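Here's the letter readout for the chains.
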Amino acid sequence: MSLKSRGVAERTSRSVVSQKWSLLLCLGSFCAGMLFTTRMWIIPEIKSGIARTTTVEAEKLKLVSEGCITKFKHVKLVSKDIFGKVSKTHHAIQTLDKTISNLEMDLAAAKAAQESILSGAPISEEIKKDDSTRKRKYFMVVGINTAFSSRKRRDSVRATWMPQGEKRRKLEEEKGIIIRFVIGHGATVGGILDRAIEAEDKKHGDFLRLDHIEGYLELSAKTKTYFATAVNLWDAEYYIKVDDDVHVNIATLGETLARHRKKPRIYIGCMKSGPVLSRKGVRYHEPEYWKFGDKYFRHATGQIYAISKDLATYISVNQHVLHKYTNEDVSLGAWFIGLDVQHIDDRRLCCGTPPDCEWKAQAGNICVASFDWTCSGICRSVDRIKEVHRRCGEGENALWKAAF
């Protein structure tokens, strides 16, 4: 073969090789491009799918949360409605309980009165009075415990917190509040002591005479007779006992009691639990100390306390079997042991004399009653009760503006 033909053959062979490689390169490029293009399109789709999924889930979560909030609000409204109904039901049960308690006590009192009549037992002269006063409903009866020797104390009370004359009658008619000095008889019935009280009563008309012989060691018996007599004379919601050397704000007392009028068996005062004094010769000595241990049970201090009608009726019905201890406040507390009684401790019933009660009055917390603990009443009350009334009294208008 000539050199020329050999050169042509070599060029032809190179051209064929170049075409083959070009074709392979083109195919490789095409495949690589397809692969790259496919991946580029798949990724956005996946991302878009994720985005769409996230959006849908977010919308679902939003709907669920809105549903939960709506349900929560609904549950809250239903709970509030249920609470209101429960509160009303509880109030209705309390009212019904008190009504039943009053009816039971009235029935027991009627049975006791019938038995007394059938047995020929004597009936108190006070109970024989006009029945019209017994039919009338009163709010409270305030009995001021007093003694034959306490004429000046009574006059000091009349000059301060106890309305007199026409005002007292207005208080009974408009406010349903009865206030009386409570006293029994002397050892000699119709003697000089009794005649002095009768003359004083004729002048003021503010006594409740008890079928009871007066004496300091007979205070428990007097307290029992007072409640039994008062509940038979006046149909009231509350019966109060207060000493004649204590200052009382009548309107504040009424407002305090009115807050508990829907509750049955109320016993309210300054509750205490003092030591039992076993040593003879000391004041407040307890002869039956061995029954109590070192301390008394919780009971209201004797200067002032109040009980509801059902408890006063209980005392009246069971007075012949209620044990009397030396201290009348202990006796009253003992009579209620074992009963379903609500003891209410209200410290406004035992404020101190000025400046204590005065500071509280200036702060808007007017006291119900004020006295000195050291004297178990206002020390030198005849001389000082006017000052206590001036500095701690609620004002005369408060009583007539009050709505119980």
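That block above? That's the structure.
Note that the structure is a prediction, hence the values are computed from the model and not measured. (Residues numbered from 1 in each chain as written. Predicted model: local features only at pLDDT ≥ 70, side-chain atom pairs only at ≥ 80, totals over all residues. Heavy atoms only, no water.)

*Asks:* Requested: an account of the packing of helix α3 (residues 151–158) against helix α5 (residues 192–204), with residues and values cited.
*Replies:* Viewed as axis vectors pointing N to C, α3 and α5 meet at an angle of 10 degrees, and their least axial separation amounts to 13 Å. With respect to each other, α3 and α5 are oriented roughly parallel. Taking contact as the criterion, the partners of Arg151, Arg154, Asp155 and Arg158 in α3 are, on α5, Ile197, Glu200, Lys203 and His204. When its residues are assigned to classes, the contact of α3 with α5 shows 1 nonpolar, 1 polar and 6 charged. (Axes fitted to C-alpha atoms, helices over the stretch in contact; angles between N-to-C directions. Helix = DSSP H or I, 4+ residues; strand = E, 2+ residues; numbered from the N terminus. Parallel < 35°, antiparallel > 145°, perpendicular 65-115°, else oblique. Contact = heavy atoms within 4.5 Å. Nonpolar A, V, L, I, M, F, W, Y, C, P; charged D, E, K, R; others polar.)

*Asks:* Please set out the pattern of salt bridges residue by residue, giving values where relevant.
*Replies:* Considering all chains together, one arrives at 29 salt bridges under this definition. Between Asp155 and Arg151 there is a salt bridge; the shortest N-O distance is 3.2 Å. With Asp155 and Arg151 both in helix α3, this residue pair falls 4 residues apart, about one helical turn. The exposure class assigned to Asp155 is partly exposed, which follows from its relative accessible area of 31%. For Arg151, a relative accessible area of 33% puts it in the partly exposed group. Two residues, Arg348 and Asp346, come together in a salt bridge whose shortest N-O distance is 3.5 Å. For the residue pair Arg348 and Asp346, the accessibility class agrees, reading buried in each case. Three or more residues joined by partner-sharing salt bridges are found here, namely Arg151, Arg154, Asp155, Arg158, Glu200 and Asp206. (Salt bridge = Lys/Arg side-chain N within 4 Å of Asp/Glu carboxyl O. Buried < 20%, exposed > 50% of the residue type's maximum accessible area, 1.4 Å probe, protein only.)

*Asks:* So what's going on with the state of the cysteines? Which residues, and what values?
*Replies:* Enumeration according to the criterion identifies 4 disulfides in this entry. The partner cysteine of Cys375 in its disulfide is Cys379, sulfur to sulfur 1.9 Å. The S-S bond linking Cys375 to Cys379 shows a torsion near 95 degrees; that makes this disulfide right-handed. Judged by relative accessible area, Cys375 falls into the partly exposed class, the value being 33%. Bonded cysteines in the protein are paired 1-2, 3-5, 4-8, 6-7 when counted in the order they occur along the chain. (Disulfide = S-S within 2.5 Å.)

*Asks:* Explain the sheet that holds strand β3 (residues 207–213) to me, and be specific about the residues and the numbers.
*Replies:* The strands that make up a sheet are held in pairs by hydrogen bonds between backbone atoms, and each pair lies either parallel or antiparallel. Overall, mixed pairing links the 7 strands, which are arranged β3-β2-β1-β4-β7-β6-β8 in an open sheet. The sheet terminates laterally at β3 and β8 (342–345), the two strands that pair on one side only. Here the strands of the sheet are splayed against their neighbours by 25 degrees on average, with no regard to which way each runs. With 6 bridges connecting them, strand β1 (residues 137–145) and strand β2 (residues 177–185) associate as parallel partners. Bridge pairing in β2 places Ile144 opposite Phe181. α3 contacts β1, β2 and β3 of the sheet and is inclined by roughly 175 degrees relative to β2. Against the sheet, helix α9 (residues 328–335) touches β4 (235–243), β6 (266–272) and β7 (299–308), its axis set at about 40 degrees to β7. (Pairing = 2+ DSSP bridges.)

Remember that the coordinates give geometry; whether it matters functionally is a separate question.
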